[in-house]
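# Fold and contact review
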Amino acid sequence: GAGVSQSPSNKVTEKGKDVELRCDPISGHTALYWYRQRLGQGLEFLIYFQGNSAPDKSGLPSDRFSAERTGESVSTLTIQRTQQEDSAVYLCASSSAPGSNQPQHFGDGTRLSIL
Amino acid sequence: AQSVTQLDSHVSVSEGTPVLLRCNYSSSYSPSLFWYVQHPNKGLQLLLKYTSAATLVKGINGFEAEFKKSETSFHLTKPSAHMSDAAEYFCVVIYLEGGYNKLIFGAGTRLAVHP
């Protein structure tokens, strides 16, 4: 079946531009997560959506980062006025329920390069 | 406080020999523990999960892990390494806090498999 889909797979942009990354979760999955993975580092949690509840934004590194999700569908992560330190792979994951025993299913990520 | 420590940043084995990737955790709660694998330029794939059922958990591709509460460990093993196992492996703790799933990723262990 279809997994988590992210687009674009690669994005190269100039410093100062805004970028928008998209995530299509697995159909029926109520929970959606965004992570950042910098070169040579582990995963960094950014934001978590669960159904129509208020999202957990505790991982967003600055006010240049924002994310939206309408209902239980597509999510977009927006980075405004990009900086070179924003270069990373941005991974999206979804899970079928909020319980802690539910595994997350990951997309292949968007590789973002800021020139 | 919750934490995850992957004791080896790099592990190198010969094809056909056993694999051991070590993970220790610290959790005030009853944790759910996962192992994920990440191949180059790919998202994370779930290998296996522990959710307080059997302490010996079998996953995909011949991997298994044993939950040892007394040692606070969840080491990943495989009897015989294959070249295709070369990847990065992440140990993950998930717990519920304040109604949100909280995830803690280990720093990752890069597994190299030599002919």
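Our structure is the block above this text.
Everything in this summary refers to the structure shown in the same document. Source: prediction; values computed, not measured. (Residues numbered from 1 in each chain as written. Chains lettered and ligands numbered in written order. Predicted model: local features only at pLDDT ≥ 70, side-chain atom pairs only at ≥ 80, totals over all residues. Heavy atoms only, no water.)

### Side note on the overall build of chain B
- Of regular secondary structure, chain B possesses zero helices and 12 strands.
- Each helix and strand of chain B, placed in order from N terminus to C terminus, yields the pattern β-β-β-β-β-β-β-β-β-β-β-β.
- On C-alpha atoms alone, chain B measures out to a radius of gyration of 14 Å, which is about the 13 Å that the 2.2 N^0.38 rule sets for 115 residues.
- Referenced to the eigenvectors of the C-alpha coordinate spread, the extents of chain B come out at roughly 50 × 30 × 20 Å.
- Counting over 115 residues, chain B shows a buried share of 44%.
- When the accessible surface of chain B is totalled, it reaches about 5,500 Å², and 52% of it is carbon and sulfur.
- Here chain B carries 9 positive and 8 negative side-chain charges, and the mean point of each set is 5 Å from the other. (Helix = DSSP H or I, 4+ residues; strand = E, 2+ residues; numbered from the N terminus. Rg over C-alpha atoms; globule rule 2.2 N^0.38 Å. Buried < 20%, exposed > 50% of the residue type's maximum accessible area, 1.4 Å probe, protein only. Areas by Shrake-Rupley, 256 points an atom, 1.4 Å probe, with all protein chains shown as cover. Lys, Arg positive; Asp, Glu negative; His and termini not counted. Charge placed at Lys NZ, Arg CZ, Asp CG, Glu CD.)

### Description of the environment of Glu-20 of chain A
- Topologically, Glu-20 of chain A is positioned in strand S3 (residues 19-24).
- For the pair Glu-20 of chain A and Gly-3 of chain A, spaced 17 residues apart in sequence, the C-alpha separation works out to 20 Å.

### Brief notes about the sheet that holds strand S1 (residues 5-7) of chain A
Residue and element names in this part refer to chain A.
- In space, the four strands of this open sheet follow the order S1-S3-S7-S6, with antiparallel pairing throughout. Each edge of the open sheet carries a strand with a single partner, namely S1 and strand S6 (65-69). In this sheet, adjacent strand axes meet at a mean angle of 15° when their direction is disregarded.
- Pairing of S6 with strand S7 (residues 75-79), which is carried by five bridges, proceeds in the antiparallel orientation. In the strand pairing of S7, Phe-65 is matched with Ile-79. (Pairing = 2+ DSSP bridges. Axes fitted to C-alpha atoms, helices over the stretch in contact; angles between N-to-C directions.)

### Observations regarding the interface of chain B and chain A
- On the chain A side, the residues contacting the 21 residues of chain B number 23 residues.
- Across the chain B-chain A interface, the total number found is zero salt bridges.
- Viewed at the interface, chain A and chain B are joined by two residue pairs in polar contact (both at pLDDT 80 or more).
- Of all the secondary structure elements, the ones that give two or more residues to the side of chain B that touches chain A are strand S5 (32-38), strand S6 (44-50), strand S10 (87-97) and strand S11 (100-105) of chain B.
- In terms of residue count, S11 of chain B provides more of the side of chain B that touches chain A than any other element does, five residues in total.
- Looking at side-chain class alone, the side of chain B that touches chain A contains 12 nonpolar, six polar and three charged residues. (Contact = heavy atoms within 4.5 Å. Salt bridge = Lys/Arg side-chain N within 4 Å of Asp/Glu carboxyl O. Polar contact = N/O pair within 3.5 Å; in protein donor to acceptor, adjacent residues only side chain to side chain. Nonpolar A, V, L, I, M, F, W, Y, C, P; charged D, E, K, R; others polar.)

### A word on the state of the cysteines
- A full pass over the atoms with the stated rule returns two disulfides over all chains.
- Disulfide pairing places Cys-23 of chain A opposite Cys-92 of chain A at an S-S distance of 1.9 Å. For the disulfide bridge between Cys-23 of chain A and Cys-92 of chain A, the dihedral angle about the S-S bond is near -65°, and by the sign convention the bridge is left-handed. With Cys-23 of chain A in strand S3 and Cys-92 of chain A in strand S8 (residues 88-95), the pair connects residues that are 69 residues apart, well separated along the chain. In terms of burial, Cys-23 of chain A and Cys-92 of chain A fall into one category: buried.
- Through a disulfide, Cys-23 of chain B is tied to Cys-91 of chain B; the S-S separation comes to 2.0 Å. (Disulfide = S-S within 2.5 Å.)

None of the figures reported here should be taken as evidence of function without further support.
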